[in-house]
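For reference, the chains in residue letters:
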Amino acid sequence: DAGITQSPRHKVTETGTPVTLRCHQTENHRYMYWYRQDPGHGLRLIHYSYGVKDTDKGEVSDGYSVSRSKTEDFLLTLESATSSQTSVYFCAISESTVNTEAFFGQGTRLTVV
Amino acid sequence: GENVEQHPSTLSVQEGDSAVIKCTYSDSASNYFPWYKQELGKRPQLIIDIRSNVGEKKDQRIAVTLNKTAKHFSLHITETQPEDSAVYFCAASENNQGGKLIFGQGTELSVKP
């Protein structure tokens, strides 16, 4: 398996609190992505990064922000968590526009109560 | 933007039968089409992919076909086994950026012994 680690693996938080999820990779891949997975919706892209400090929005970016200060780390922040952000969050990485296979992390189950 | 529709949402087959899952996409610029398998509680894992310059690709019991004109692609699993039971996702990618994937809603495949 590709070297991708997500932390935490599980989190319960209260509505209105900030939450940060971390994705760490040891593959030195350029591209990193955050997806959320909800029943009936498949996986939906939240934000992605194509290099250090280079990020862009995906399909469902409202309420989320990201940062990438190092190649190996991609952080997803929920500024003020809401119940609609209860989901399983997956980080993914891909090497380049030539080697395009995306590898996923183990996922983080977030519950907002 | 791209939209991917996947059918059926659930599929039940007898062991040894074939299974077919179909996806359609909307953006003619999409040129990379991977299929992921996700077992319960696990991360999605790539099982096969196809690019727009190829009409069909096989890997043992798994095959994928692509019809660019009709904008649809299909996953074919032959001689199904109980361990094929999982949720399968199709996806499409724009601009050769493999990780920036737009996913279908998923198909839950059940293979009965």
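Structure: see above.
The model shown is predicted, which means the values in this text are computed figures rather than measured ones. (Residues numbered from 1 in each chain as written. Chains lettered and ligands numbered in written order. Predicted model: local features only at pLDDT ≥ 70, side-chain atom pairs only at ≥ 80, totals over all residues. Heavy atoms only, no water.)

(A) Expanded view of the pairing of strand β4 (residues 31–38) of chain A. All names here are of chain A. Within β4, eight of the eight residues are buried, leaving the element largely enclosed by the surrounding structure. The side-chain alternation of β4 yields two buried faces, one formed by Y31, Y33, Y35 and Q37 and the other by M32, W34, R36 and D38. Bridge analysis of β4 against strand β9 (residues 87–94) gives seven bridges, and the strand direction is antiparallel. For M32, the partnering residue across the bridge sits in β9 and is I93. Two strands pair when backbone bridges link them, and β4 and strand β5 (residues 42–51) are joined in this way by seven bridges, in the antiparallel orientation. Following the sheet pairing, Q37 is matched in β5 by L43. (Buried < 20%, exposed > 50% of the residue type's maximum accessible area, 1.4 Å probe, protein only. Helix = DSSP H or I, 4+ residues; strand = E, 2+ residues; numbered from the N terminus. Pairing = 2+ DSSP bridges.)

(B) View of the side chain of A:H47. Residues and elements named next belong to chain A. Tracing the backbone through its elements, the reader meets H47 in strand β5. Polar contacts involving the side chain of H47 include one to the main-chain carbonyl oxygen of D56, which spans 3.3 Å. Reaching out from H47, the side chain makes a polar contact with the backbone oxygen of Y64 at a distance of 3.1 Å. (Polar contact = N/O pair within 3.5 Å; in protein donor to acceptor, adjacent residues only side chain to side chain.)

(C) Inspection of the interface of chain A and chain B at higher detail. Between chain A and chain B, the residue contacts involve 24 residues of the former and 20 residues of the latter. Of the roughly 1,800 Å² buried at the junction of chain A and chain B (both faces included), carbon and sulfur atoms supply 52%. Applying the counting rule to chain A against chain B returns zero salt bridges. At the boundary of chain A with chain B, the tally comes to five residue pairs in polar contact (both at pLDDT 80 or more). Going through the elements one at a time, β4, β5 and β9 of chain A are the ones with two or more residues in the side of chain A that touches chain B. Here the side of chain A that touches chain B gets five residues from one element, more than from any other, and that element is β5(A). Grouping the constituent residues of the side of chain A that touches chain B by class yields twelve nonpolar, nine polar and three charged. (Contact = heavy atoms within 4.5 Å. Buried area = accessible area lost by both parts, 1.4 Å probe. Salt bridge = Lys/Arg side-chain N within 4 Å of Asp/Glu carboxyl O. Nonpolar A, V, L, I, M, F, W, Y, C, P; charged D, E, K, R; others polar.)

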